[in-house]
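Working through the structure, step by step
Given next are the chains, with one letter for each unit.
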Amino acid sequence: MNDKRQTVNAKRINETTPVQRVRSQVADAAGVRWLVKRDDLIHPQISGNKWRKLKYNLAAARQGGFDTLVTFGGAFSNHLYAVAAAGRLFGFKTVGIVRGERAANLSPTLQFAESCGMELVFWSREAYRSKENAPDFAETANRHASFYLIPEGGTNELAVRGCAEMIGEIAEPFDYLTCACGTGGTLAGLIAGCDGRGQVIGFSALKGGEFLVTEVGKLLENHYAATSQTKSSPKNWHIRTEYHFGGYARHTPALLDFMRRFEQENGFLIEQVYTAKMFYGTEELMRQGGFRRGETVISLHTGGLQGRVFNSEL
Ligand SMILES: *Cc1c(COP(=O)(O)O)cnc(C)c1O
């Protein structure tokens, strides 16, 4: 694993990302010390949690002698984008199985994926729902005799392991960690990495995020089993489900107003699918007195800026 890490570092992946102050009048008024871990700075194309989740999967693919990565995603998936970039950077062929018909004009995400050499395969929503159990999968599998399968969103036990490592990079003492959730893999990693310290709050970017409670619980159990740790599942975490702004990839004018203000005050960018919802929710909890004076809250910037809605205005 260590040799692999060196290869990885040679590719200019910056894992030891800084922790810096978040400027917010709400945080100041609440007397809360608000910090952000800037994982958006890991790599311009394999950003944030997508790198953390891919890291040990890439090492496993290499060690297993696989030459192709196969994975799943929608037309705007940060995960597909990251896998395509990682494949190019680390010398794997990549296949992206995409939900829905091929559009006449591909999304910028899919255009980028193809430009990295990713082969895009478009599946009906019905086939997509069954993923590797769909009859269509055999056809893709047969064309690539030796492939390493990465699940949708990149979440599996190795992903949890990669995300857990981040806690070791945080030197600042903290009371709370907050992060955005899609599949819950990143949140599970943070909880595992905290090992009982502090409180971890996940903000669901999807409507109906209640499923995440079960999902994250399962991911933690698998993680402890795979790493031979005998631990009862930690209780120092919960999920906020009310900051989805209409659902996955949806947003409202209020969210975009928040984004503009936050970016202006802080001098770094966020995006509307995940991170803006999380920063908004975290600030809202400060406004409502969810944290005590003198407490430190660290929010994780999971990256994803390729999908930022204002990019076309830059
Ligand atoms: C994918 C993604 C998430 C969600 O991560 P999960 O591990 O699936 O919960 C959060 N933020 C950004 C920017 C992402 O791209």
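Rules used throughout
- Residues numbered from 1 in each chain as written.
- Predicted model: local features only at pLDDT ≥ 70, side-chain atom pairs only at ≥ 80, totals over all residues.
- Heavy atoms only, no water.
- Phe/Tyr/Trp six-rings, centres within 6.5 Å; stacked < 30°, edge-to-face > 60°.
- Helix = DSSP H or I, 4+ residues; strand = E, 2+ residues; numbered from the N terminus.
- Buried < 20%, exposed > 50% of the residue type's maximum accessible area, 1.4 Å probe, protein only.
- Core = buried A, V, L, I, M, F, W, Y, C linked by side-chain atoms within 4.5 Å.
- Contact = heavy atoms within 4.5 Å.
- Near = heavy atom within 4 Å.
- Polar contact = N/O pair within 3.5 Å; in protein donor to acceptor, adjacent residues only side chain to side chain.
- Areas by Shrake-Rupley, 256 points an atom, 1.4 Å probe, with all protein chains shown as cover.
- 1 Å grid on protein atoms, 1.4 Å probe; cavity = no way out; pocket = protein on both sides within 12 Å on 5 of 7 lines; lining within 4 Å.
- Sits in = over half its atoms within 2 Å of the grid points.
- Nonpolar A, V, L, I, M, F, W, Y, C, P; charged D, E, K, R; others polar.
- Domains from an automatic or database assignment.
- Salt bridge = Lys/Arg side-chain N within 4 Å of Asp/Glu carboxyl O.
- Axes fitted to C-alpha atoms, helices over the stretch in contact; angles between N-to-C directions.
- Parallel < 35°, antiparallel > 145°, perpendicular 65-115°, else oblique.
- Left-handed = near helix turned anticlockwise from the far one by under 90°.

1. Describing the packing of aromatic side chains
Aromatic ring pairs are described here by two measures, namely the spacing of the ring centres and the angle between the planes. Evaluated as defined, the whole model comprises 19 aromatic pairs. Ring geometry for Phe137 versus Phe147: centroids 5.9 Å apart, planes at 80°, classification edge-to-face. Pair noted here: Phe137 is in helix H7 (residues 135–143) and Phe147 is in strand S6 (residues 147–149), with a separation of 10 residues, a long-range link. Accessibility assignment for this pair places Phe137 and Phe147 in one class, buried.

2. Examining the nonpolar core
Residues Trp34, Phe262, Ile270, Phe279, Met286, Phe291 and Val297 are the most contacted members of the largest nonpolar core, which totals 31 residues. Taken together, the elements giving at least two residues each to this core come down to helix H2 (25–30), strand S2 (33–37), strand S7 (176–181), strand S8 (199–204), helix H11 (253–266) and helix H12 (275–287). Ignoring anything within four residues of it in the chain, the contact list for Phe291 reads Val32, Tyr176, Ile201, Thr282, Leu285, Met286 and Val297. If you look at the next biggest cluster of nonpolar residues, it comprises 29 residues, including Leu54, Ala61, Val83 and Leu158.

3. Observations regarding the site of the ligand
Residues in close proximity to the ligand total 16 residues, the closest being Lys50, Lys53, Thr183, Thr186 and Thr302. Within the side chain of Lys50, a nitrogen or oxygen atom sits 2.7 Å from an oxygen atom of the ligand. A distance of 2.8 Å separates an oxygen atom of the ligand from a polar backbone atom of Gly184. When the ligand is considered free in solution it has 380 Å² of accessible area, and contact with the protein chains removes 98% of it. Judged by the fraction of its atoms near the pocket grid, the ligand is located in the largest pocket. Where the shell around the ligand is concerned, the elements lending two or more residues are helix H3 (48–63), S7 and helix H9 (185–194). Grouping the amino acids of the shell around the ligand by side-chain chemistry returns 3 nonpolar, 11 polar and 2 charged. Residue-level mapping places the shell around the ligand at the junction of two domains, with at least three residues from each of domain 1 (3–44 + 156–310) and domain 2 (49–154).

4. Describing the domain arrangement of the chain
Along its sequence, the chain is carved into domain 1 (3–44 + 156–310) and domain 2 (49–154). Inter-centroid distance (C-alpha atoms) of domain 1 to domain 2 is 24 Å. With a closest N to O distance of 3.3 Å, Lys55 and Glu15 form a salt bridge. Connecting domain 1 to domain 2 are 13 residue pairs in polar contact (both at pLDDT 80 or more). For the side of domain 1 that touches domain 2, the secondary structure elements donating two or more residues are helix H1 (2–10) and helix H8 (157–164). Looking at which element gives the most residues to the side of domain 1 that touches domain 2, the answer is H8, with 5 residues. Its residues assigned to classes, the side of domain 1 that touches domain 2 shows 8 nonpolar, 11 polar and 9 charged.

5. What about the packing of helix H4 (residues 78–90) against helix H5 (residues 108–115)?
One can describe the packing of H4 onto H5 by two numbers: an axis separation of 9 Å at closest approach and a directional angle of 15°. The pairing of H4 with H5 is recorded here as roughly parallel in orientation. Crossing of H4 over H5 shows left-handed handedness. Taking contact as the criterion, the partners of Leu80, Tyr81, Ala84, Ala85 and Arg88 in H4 are, on H5, Thr109, Leu110, Phe112, Ala113 and Ser115. A per-class count over the contact of H4 with H5 returns 7 nonpolar, 2 polar and 1 charged.

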